[in-house]
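Summary of the model geometry
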Amino acid sequence: MLACNDVVKQFAIRRTWGSRQVTVVNRVSVSVEASHVLCIVGESGCGKTTLGKVLAGLLAPTLGSVTVDGTLLYHPGNKAWEREALKIQLIHQDPFSTLNPVHTVREELSLPLLHHQIVPKSLVGEECEHLLTRTGLDPKVVIDKYPHELSGGQRQRVVLARALSVRPRYIVADEAVSMVDVSSRLIMLDLFLEIAQKERIGLVFITHDFGLARYVALEGTIAVMYLGRVVEFGGTETVIHQPRHPYTKVLLSSIPPLQAGDDFKIDKVYPRSFDVPSLELLPPGCVFEPRCPYAFDRCQSALPVLSTVVHEPGHQVACYLEDEETAVV
Ligand code: SF4
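Procedures and definitions
Residues numbered from 1 in each chain as written. Predicted model: local features only at pLDDT ≥ 70, side-chain atom pairs only at ≥ 80, totals over all residues. Heavy atoms only, no water. Buried < 20%, exposed > 50% of the residue type's maximum accessible area, 1.4 Å probe, protein only. Helix = DSSP H or I, 4+ residues; strand = E, 2+ residues; numbered from the N terminus. Arc of directions from axis to C-beta. Near = heavy atom within 4 Å. Nonpolar A, V, L, I, M, F, W, Y, C, P; charged D, E, K, R; others polar. Axes fitted to C-alpha atoms, helices over the stretch in contact; angles between N-to-C directions. Parallel < 35°, antiparallel > 145°, perpendicular 65-115°, else oblique. Left-handed = near helix turned anticlockwise from the far one by under 90°. Contact = heavy atoms within 4.5 Å. Pairing = 2+ DSSP bridges. Domains from an automatic or database assignment. Buried area = accessible area lost by both parts, 1.4 Å probe. Polar contact = N/O pair within 3.5 Å; in protein donor to acceptor, adjacent residues only side chain to side chain. Phe/Tyr/Trp six-rings, centres within 6.5 Å; stacked < 30°, edge-to-face > 60°.

Some details on helix H5 (residues 124–134)
Along H5, the residues classified as buried are Val-124, Glu-127, Cys-128, Leu-131 and Leu-132. Buried residues in H5, looked at end-on, bunch into an arc of 135 degrees, giving them a common side. Downstream of H5 by one or two residues, Gly-136 has phi in the positive range, about 80 degrees.

Focus on unusual backbone geometry
Of note, the phi angle at Arg-167 is positive, near 55 degrees, even though the residue is not glycine. Tracing the backbone through its elements, the reader meets Arg-167 in the loop between helix H7 (152–164) and strand E7 (170–174). Of note, the phi angle at Arg-200 is positive, near 55 degrees, even though the residue is not glycine. Along the polypeptide, Arg-200 turns up in the loop between helix H8 (182–198) and strand E8 (202–207).

A look at the site of the ligand
Looking at the ligand, there are 13 residues lining it, with Cys-286, Cys-292, Cys-299, Cys-319 and Tyr-320 nearest. Classifying every residue of the shell around the ligand gives 11 nonpolar, 1 polar and 1 charged.

Here's the deal with the packing of H5 against H7
Relative orientation of the contacting elements H5 and H7 amounts to 125 degrees, with a least axis distance of 9 Å. Between H5 and H7, the interaxial angle falls into the category oblique. As H5 packs across H7, the resulting crossing turns out to be right-handed. Facing H5, whose interface residues are Leu-131, Leu-132 and Arg-134, H7 presents Val-158, Ala-161 and Leu-164. Taken together, the residues that form the contact of H5 with H7 break down as 5 nonpolar, no polar and 1 charged.

Let's talk about the pairing of strand E6 (residues 88–91)
Alternating residues of E6 divide into Ile-88 and Leu-90 and Gln-89 and Ile-91, and every residue in both groups is buried. Relative to E7, E6 is paired through 4 bridges, and the arrangement is parallel. Along E7, the bridge assignment pairs Gln-89 with Ile-171.

Quick look at the domain arrangement of the protein chain
Per the domain assignment, the segments of the protein chain are domain 1 (2–87 + 168–323) and domain 2 (98–167). Put simply, the middle of domain 1 and the middle of domain 2, counted by C-alpha atoms, are 30 Å apart. If you look at the interface, domain 1 gives 15 residues, while domain 2 gives 12 residues. The junction of domain 1 with domain 2 conceals about 1,200 Å² of combined surface from both sides, 66% of it contributed by carbon and sulfur atoms.

A closer look at the side chain of His-245
Position of His-245 relative to the elements: it lies in the loop between helix H10 (236–241) and helix H11 (246–253). Here the side chain of His-245 touches Tyr-247 through a polar contact of 3.0 Å, landing on its backbone nitrogen. Within the local environment of His-245, its side chain forms a polar contact with the backbone oxygen of Ala-318, the two atoms lying 3.1 Å apart. Excluding anything up to four places from it in sequence, His-245 contacts Val-231, Glu-232, Phe-288, Val-317, Ala-318 and Cys-319.

Things to note about the packing of helix H4 (residues 105–115) against H7
It is the contact of H4 with H7, at a shortest axis distance of 9 Å, that shows an interaxial angle of 20 degrees. Relative to H7, the element H4 lies roughly parallel. When you trace H4 past H7, the crossing you get is right-handed. Residues Val-105, Glu-108, Leu-109 and Pro-112 of H4 lie in contact with H7, whose contacting residues are Val-158, Ala-161 and Arg-162. Residue composition of the contact of H4 with H7, grouped by class: 5 nonpolar, no polar and 2 charged.

Remarks on the packing of aromatic side chains
In this structure the tally under the stated criterion is 3 aromatic pairs. Between Tyr-226 and Tyr-247, the ring centres sit 4.6 Å apart and the planes meet at 50 degrees, which makes this aromatic pair tilted. Of this pair, Tyr-226 sits in strand E9 (residues 221–226) while Tyr-247 sits in helix H11, and the two are 21 residues apart along the sequence. For the residue pair Tyr-226 and Tyr-247, the accessibility class agrees, reading buried in each case. Aromatic side chains Tyr-247 and Phe-288 sit 5.3 Å apart centroid to centroid with 65 degrees between the ring planes, which places their arrangement in the edge-to-face category. Remark: Phe-288 occurs in the loop between H11 and strand E11 (307–308) and Tyr-247 occurs in helix H11; sequence separation between them is 41 residues. In this structure, Tyr-247 and Phe-288 share a single accessibility class: buried.

Next up, the structure:
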C-alpha cells in the first residue's frame, strides 16, 4: 500500500518585506493499494500536484509520513527508502518536458534499465522493444525517433514505457492525458487502467476534471481537494452520486451531460464567487466559506474536520452541514 499520513507540505514564499511559510498540502491522509485506483480531484492550486510529488518520493513532507508497502520514505537514517521510492513512478502532464530532447526513444528507455540493472546489458534492446509493445507502440516505427518526431500521445506512451521499465508497484499520473490529443485521450486512459490491472499496479490519478475521474476510478476512490485539504473522500460511485460537500457539488455541476440517457444527474450548484482565496491569506473558519452557497454563521467560526458521514462508512466530508442534518434527523 502507498499511503500518506497526516502530510503537511509548506514552502517559503519570498516577498519584498521578507519570506513566509505557505501551507500547500495540509494534513492529508490518503492511500492506494495494488490494482486499485485513487483519484485526487480539484482545481488548479489546490495542492494536488504537490501531494502527488510527495507521494512519488520527489518532495519530502514538512510534517507527517509517507509509506510504501510498510517502508517509511524520506527516512534519513535508512537509505533503503531510495530503492523503495523506485516502486513509485510519477508521470507528468507534459511528456515533452520530461523526455530528453537529444535522446532517442531507445536511449530514453535503456538508461533506467542499465542504471538500475533491471535486465542484463545484453537484453536491454529486447526489453526496450517489449516496453514499447506493452504501451501500444510499434518499436520499429518509434525506437530510433527523437521526442519532437512523435505525437503527444506517442510521447506520453514512451513516458509510460519508461515508468514501467523499473517495475513500479505504484504510478502517480498527474494530469497525464491533458496534453494528449482529444481523439487519443480515452485510448490512453484505457491503457493506464489495463496496465494497472494486469500488472497489479496501484494508480494515483490526479486531475481537475471530474469527468475523467469518474471514468478512471469507477471502482476506486476519490479524494476531493480544496486549498490544500481533502474536503470529501469516498468510493467513486458514492462521491459522484451522493456528494455531500458543497465544493464537490460545484465541481460535479461543471460536468456536461455526455449523452441522452446518461445516468448521472445532479442538481446544479454554483459557487457564490469564482475567486479562489490566496493560500497566504486564508479566511477564518471553513476555507470554502467565501464561495459556498450554503454558508451560515458557524462556517466562519472554525475549520470543519474531515469526519465519516453517518450511516455511510468510508465516506468522509469536512462540512458543518453534516452536523446540521444529523441534528435534524
Ligand atoms: Fe459551506 Fe459551511 Fe460547509 Fe464550509 S462548512 S462547505 S462554508 S456549509
